[in-house]
Amino acid sequence: MKNLKEIQSALENFHKDKASIVLGKFSDIAGHKFEGEFNISGFHDEILDLPNKATSLWGIDRCLRVQDVPDSVHSFLFHMGIFAKSIDLGGNYVDPFKDVRFHTLQKEILAQFFALLVELGIDLNQVEVSYLEQITFGGNVERRDKLLKRKYNFPADEISKDFLKDKVSLIPVKSLANVDINPVEGALVGPRLEIAYRGIEIGTIVFDCFKIENDALVPINYVAGYALGIERLVASLSDKHFLTSIHRYQSAQKILTNLSEAATSSLFEKETLLVIYGAEALAHLPKTLSRHQKERVRILRKEITENIAELGISETALDELISYFNHELIL
């Protein structure tokens, strides 16, 4: 079984000679890039800046996503390892899906990512990958591309399909689930792969070739890379559950168990997870929040209080958990 520190060390060793820039700090957890949310994706600003210069970066970021529904492999606070690379097209922008430069970059990132999985001891026979089939989107029709006024056609991602066809289980998807796009000005856009191991989604690969500008897609210097959920990697390599594979959650559950045996029961798993994950999120919130973020936090506190009551314990348990997470060193 590999723990967080072992995974972190393996990731850093693998990438130390592959990235020009190594990011050693976490992003501001209360970033304002997405209305009412937090830093739901790692190194958002650094990634958006990549089309402006040809370079590569690696780092591990801490993210907070309180709108997720907590379960055995979905906590509110998590860590994401990110590698990304950009290339300079010299102003020669053509159809990326017919551009050998784009195809070469795709193959390079695919080869690196799956070499990393092998390095981590992942059995590729148990890996599932979804890839983009041909899709038409835009025109203010789809939820996640509502900024776009005209429609766009993306062909099937044949490069990824051909590269992976004899390596993993492939799932073609004709939807925005396999397009990297966020409904914000300046967001990068391109085909995306979703990767799961032993039934747990562990990573994403993106091949960005456009950005959203004035309600349209405009060409950019190509950016490609991947993100890996570090807690999910640990869980997928062990027993598939955060409460038994992630040390900080094991310790938090023990704190709750000392107050109520219900915290060990499968009948109260949902309540236990929400209280633990919620306390961790509260422990790492900065003092300065936007109005919408404060409302998110208010709702979260209410949900935690309700679930503490379901476990039959005092609200002082929340203070004890927050104190624990404030002092627990995670990554």
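Here goes a summary of the coordinates provided. Computed from a predicted structure; not experimentally measured.

What counts as what
Residues numbered from 1 in each chain as written. Predicted model: local features only at pLDDT ≥ 70, side-chain atom pairs only at ≥ 80, totals over all residues. Heavy atoms only, no water. Buried < 20%, exposed > 50% of the residue type's maximum accessible area, 1.4 Å probe, protein only. Helix = DSSP H or I, 4+ residues; strand = E, 2+ residues; numbered from the N terminus. Axes fitted to C-alpha atoms, helices over the stretch in contact; angles between N-to-C directions. Parallel < 35°, antiparallel > 145°, perpendicular 65-115°, else oblique. Left-handed = near helix turned anticlockwise from the far one by under 90°. Contact = heavy atoms within 4.5 Å. Nonpolar A, V, L, I, M, F, W, Y, C, P; charged D, E, K, R; others polar. Core = buried A, V, L, I, M, F, W, Y, C linked by side-chain atoms within 4.5 Å. Salt bridge = Lys/Arg side-chain N within 4 Å of Asp/Glu carboxyl O.

### Describing helix α5 (residues 230–237)
Now for step 1: For α5, a buried count of eight out of eight residues is recorded, marking the element as mostly surrounded by other parts of the structure.
Now for step 2: Within α5, the full set of buried residues consists of I230, E231, R232, L233, V234, A235, S236 and L237.

### Thoughts on the packing of helix α7 (residues 247–257) against helix α10 (residues 316–327)
Now for step 1: Remark: α7 packs on α10, axes separated minimally by 10 Å, with the N-to-C direction vectors making an angle of 155°. If you check the angle between α7 and α10, you find them roughly antiparallel. Here α7 and α10 pass one another in a crossing that is right-handed. Contacts between α7 and α10 pair H247, R248, Y249, S251, A252, I255 and L256 from the former with A317, E320, L321, Y324 and F325 from the latter.
Now for step 2: For the contact of α7 with α10, the per-class residue count stands at eight nonpolar, two polar and two charged.

### Focus: the nonpolar core
Now for step 1: Judged by nonpolar contacts, the single largest core of 99 residues is most densely connected at F114, F137, F154 and I205.
Now for step 2: Counting residues per element, this core draws most heavily on helix α8 (residues 269–283), which supplies nine residues.
Now for step 3: Among the nonpolar cores identified, the runner-up in size contains 13 residues, and I47, A84, V223 and A227 belong to it.

### A word on the pattern of salt bridges
Now for step 1: Summed over all chains, the structure comprises 14 salt bridges.
Now for step 2: We note a salt bridge from E37 to R296, for which the minimum N-O separation is 2.5 Å. Of this pair, E37 sits in the loop between β1 (21–23) and α2 (44–49) while R296 sits in helix α9 (residues 291–311), and the two are 259 residues apart along the sequence.
Now for step 3: Here E37 falls in the buried class, since its relative accessible area comes to 9%.
Now for step 4: For the salt bridge of K53 with D49, the shortest nitrogen-to-oxygen distance reads 2.3 Å.

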